[in-house]
Structure formats: C-alpha cells, structure tokens
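Chain and residue survey
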Amino acid sequence: MVNAPLYLISLIIIVPLSIALLLYLIVRPRPTKVPIKNRHVFITGGSSGIGLALAQEAASQGAQVSILARSLNKLEEAQKSIKLATGIDVAIYSADVRDFEAVKSAIDQAGPIDILICNQGVFVAHELENSSLEELNFMIDINLMGTFHLIKAALPSMKNRAGRGPGSISIMSSQAGQVGIYGYTAYSASKFGLRGMAEALQQEVIGYDIHVSLIFPPDTDTPGLVEENKRRPELTSIIAASSGVMKANDVAKLSLAGIKSGRFFVPCNLEGFALCLATAGMSPQRSVLMALIEVTAAGIMRFVALCYLWVWYSSIEKWHARKK
Ligand SMILES: NC(=O)C1=CN([C@@H]2O[C@H](COP(=O)(O)OP(=O)(O)OC[C@H]3O[C@@H](n4cnc5c(N)ncnc54)[C@H](OP(=O)(O)O)[C@@H]3O)[C@@H](O)[C@H]2O)C=CC1
Ligand SMILES: CCCCCCCCCCCCCCCC(=O)[C@@H](N)CO
C-alpha cells in the first residue's frame, strides 16, 4: 500500500524514459544540421510569394542565392527588391520547370547547389467535374513533374559535393498534401505525389549526405492565393479556413529553420504540427522528442482528425442542403 505512489511514479517516469531511450537508439536517419551561410541556395518560384520571401530570408542569412521562374520581368523585379531590402545580389534564371532541357541548362549555369528548394507551384481550385483536362495537367506537370525535373538535373552535381558539408533537397508541399481537400483533387494529388517521392528519395540520397525536407504551409498570403481566391469554391475556402492564413515571410522563416535543422516534415503552424502527427505514417523522423510525441499521441491524433472530418462533412452537408 505504502509503495503504491512510488510504483505509480516509477511507471510515469521509467516507462516514457525507456521509450525515449529506445527511440534515441533507433531513429534513422540521424539528426543533422544543414547550414546555409556562404552556401548556394537555389530556389524555384523565387520571384513571387513564398519563394521570394525564402530568397530574401536566405540572402539575409548570408547564403548565395539563385532563383528560377518563367517570367524574366518578375525575376528582375524580385532581384531588385531583394537588393533593396538586403543589399545582396541574387542570380536569376528564367526557365519553365516543365522543360527538362531548360531546367538542366539553368542548373548547370548556376553551378553546384548545396540547398535545392523546389517551391514552384500552381493551384487552380475547382471540383474535378468543373476542371478542364488542361488545368489538371497544368498542376501535375508543374508541381510534380517539374520537381522531378529539378531534382534529376541537380542531383549529379549535388552528389559530388564531397567536403562541402551536408546538402538539402527541400520540397514545398502544402497542408493539402497531407489531407485531401474539396476542390483540390489534382492539386492534392500533385502534393501527395511529392511526399511519396520525398520518402523514396531520402533513402536514395542519404548515403551522399543529402537531406530531404517537405514543407507543409497552410493558406499563405501571396499573389498566387489572391489569384486562386477569385474563383475558389466556397467549400474549399470553408475547409481551408480550419488552418487560417499565414504571411509569406513567416512561412519562409519557419521553412528555412526546418531545412537548417534537417527536418523531414516541416509544419508551419499549430494545425500543421497536428497534421504531421496525424499523418506521420512511415515518414522518417530524426528528432527523438518528435518521435516520442508521435508514438504517444497517435491514437489521440486519429481522434482529433476524425473530429475535423466530422466538422468538414457537416459543412458539406449544410452547403448541399442550402443549394437545394
Ligand atoms: N499560397 C498558398 O496559399 C500556399 C502555397 N503553397 C505552395 O507554395 C508554393 C509557392 O506558392 P505561392 O508563393 O503562393 O505562389 P505564387 O503564385 O505567388 O508564385 C509562384 C512562383 O512559381 C513560379 N512558377 C510557376 N510556374 C512555373 C513554371 N512552370 N516554371 C518555373 N516557375 C514557375 C512563378 O513564377 P512564373 O509564373 O514567372 O513562372 C512564381 O515565382 C507552391 O508550390 C504552392 O503550391 C502551399 C501552401 C499554401
Ligand atoms: C489531426 C488534426 C488536423 C488539424 C487541422 C487540419 C486543417 C487542415 C486544413 C488544410 C488547409 C489546406 C490549405 C491548402 C493551401 C494551399 O495549398 C492553397 N492555398 C493552394 O496553394
């Protein structure tokens, strides 16, 4: 009887401690740091929104920055605005990620890359039935195939970076790449595709000291979102509102912090953190603390996820009832 509290305390302390110790021994890949100071950071979609904010932040943290996008005009404007804000010159490359040869020649010209950030992306929210085949192809080609092109073009020189320290291939997904959202059939498919690619790629490049990061922002205030909002289905906006809207600068800062700490999953807000726990699946986890939280919270997070789905499906039901 006297020993009951003691027994309880040892249970509360010893059990989690042993799980933490076990996780410490088994988490793979091992934790790492990817510095960006004085290193070549190549950012696609760097002329607008999140990419532009990333380029400015990386430049101000002392990286040598290159940005790639299609429109030369927008690239030159971005170059000017970064120069104005930081006094630093970034290199610009005009290419369409759908064109492998153009991507390859830009990357060859830019020189060996230490940190590749595949951030280019397009989004047109529409129910599948109201989407044209062109729109569907557009999203898959730029978001998914474009990222394949970039990585395939950059990998050979990235793998030969012996002595230059850890490298990173970072990929801009979206919270719509963690859960399918009404109006995003093709967009979510492209972003979910990036996750499969990232998981497989990490196994292929770990032996070359290259570390993959997947970034999952919520709605973010960018020129792209302004454009999207003009014709976004009401239900898409209602469901996406569960995670709020962030500023591009905040997303950029958090993304860079995640990349530098070599994280595989990089969430950007509290809902994003919850989504990472709920969808941890078979993704690598380098952090012992995060692994411990994932293991402990799994059941509860599934319950939280079901609550969100309950709310979303209720909104869909109400929306249909209102339409009738
Ligand atoms: N804004 C948001 O709400 C969220 C965005 N994201 C993701 O973040 C990323 C950036 O989004 P955001 O900043 O809003 O986008 P923007 O529309 O503001 O900017 C997109 C950038 O990508 C470039 N780009 C587009 N198509 C191509 C192409 N075919 N080849 C090369 N470059 C291209 C654009 O330049 P140009 O047109 O000149 O080529 C531009 O620099 C995307 O991957 C998006 O899916 C994720 C979650 C939320
Ligand atoms: C288990 C707990 C779950 C917790 C919360 C879930 C909230 C999910 C909201 C998803 C919002 C998706 C926005 C996509 C933004 C985007 O990518 C577009 N703007 C196009 O770029």
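What counts, and where the lines are drawn
- Residues numbered from 1 in each chain as written.
- Chains lettered and ligands numbered in written order.
- Predicted model: local features only at pLDDT ≥ 70, side-chain atom pairs only at ≥ 80, totals over all residues.
- Heavy atoms only, no water.
- UniProt positions renumbered as here; feature names shortened; annotations may be inferred.
- Buried < 20%, exposed > 50% of the residue type's maximum accessible area, 1.4 Å probe, protein only.
- Helix = DSSP H or I, 4+ residues; strand = E, 2+ residues; numbered from the N terminus.
- Right-handed = clockwise from strand over helix to strand, strands pointing away.
- Pairing = 2+ DSSP bridges.
- Near = heavy atom within 4 Å.
- Polar contact = N/O pair within 3.5 Å; in protein donor to acceptor, adjacent residues only side chain to side chain.
- Areas by Shrake-Rupley, 256 points an atom, 1.4 Å probe, with all protein chains shown as cover.
- Nonpolar A, V, L, I, M, F, W, Y, C, P; charged D, E, K, R; others polar.

- The name an unreviewed UniProt entry assigns to the protein chain is 3-dehydrosphinganine reductase, from the organism Lithospermum erythrorhizon.
- Annotation of the protein chain in UniProt includes, under Catalytic activity (unreviewed entry), the sentence "sphinganine + NADP(+) = 3-oxosphinganine + NADPH + H(+)".
- For the protein chain, the Sequence similarities (unreviewed entry) comment in UniProt is given as "Belongs to the short-chain dehydrogenases/reductases (SDR) family."

1. Some remarks on the pairing of strand β6 (residues 210-216)
- Of all seven residues in β6, seven are buried; the element is thus mostly enclosed.
- Side chains I210, V212, L214 and F216 of β6 all project onto a buried face; the interleaved residues H211, S213 and I215 project onto the opposite face, where all are buried too.
- Viewed along the sheet, the connection from strand β5 (residues 167-172) through helix α6 (residues 185-205) into β6 turns out right-handed.
- The pairing of β6 with strand β9 (residues 265-267) spans three bridges and is parallel.

2. Notes on the site of ligand 1
- Around ligand 1, a shell composed of 33 residues is seen, among which S47, S48, R70, Y187 and T222 lie nearest.
- K74 is positioned with one of its side-chain polar atoms (N or O) 3.2 Å from an oxygen atom of ligand 1.
- Between an oxygen atom of ligand 1 and a main-chain N or O atom of G224, the distance comes to 3.2 Å.
- In isolation ligand 1 exposes 880 Å². Once the protein is present, 95% of that is buried.
- Put simply, the parts of the chain that give the shell around ligand 1 at least two residues each are α2 (49-60), α6, β7 (219-221) and α7 (223-229).
- Element by element, the count of residues in the shell around ligand 1 is highest for α7, at three residues.
- In terms of residue class, the shell around ligand 1 is made up of 13 nonpolar, 14 polar and six charged.

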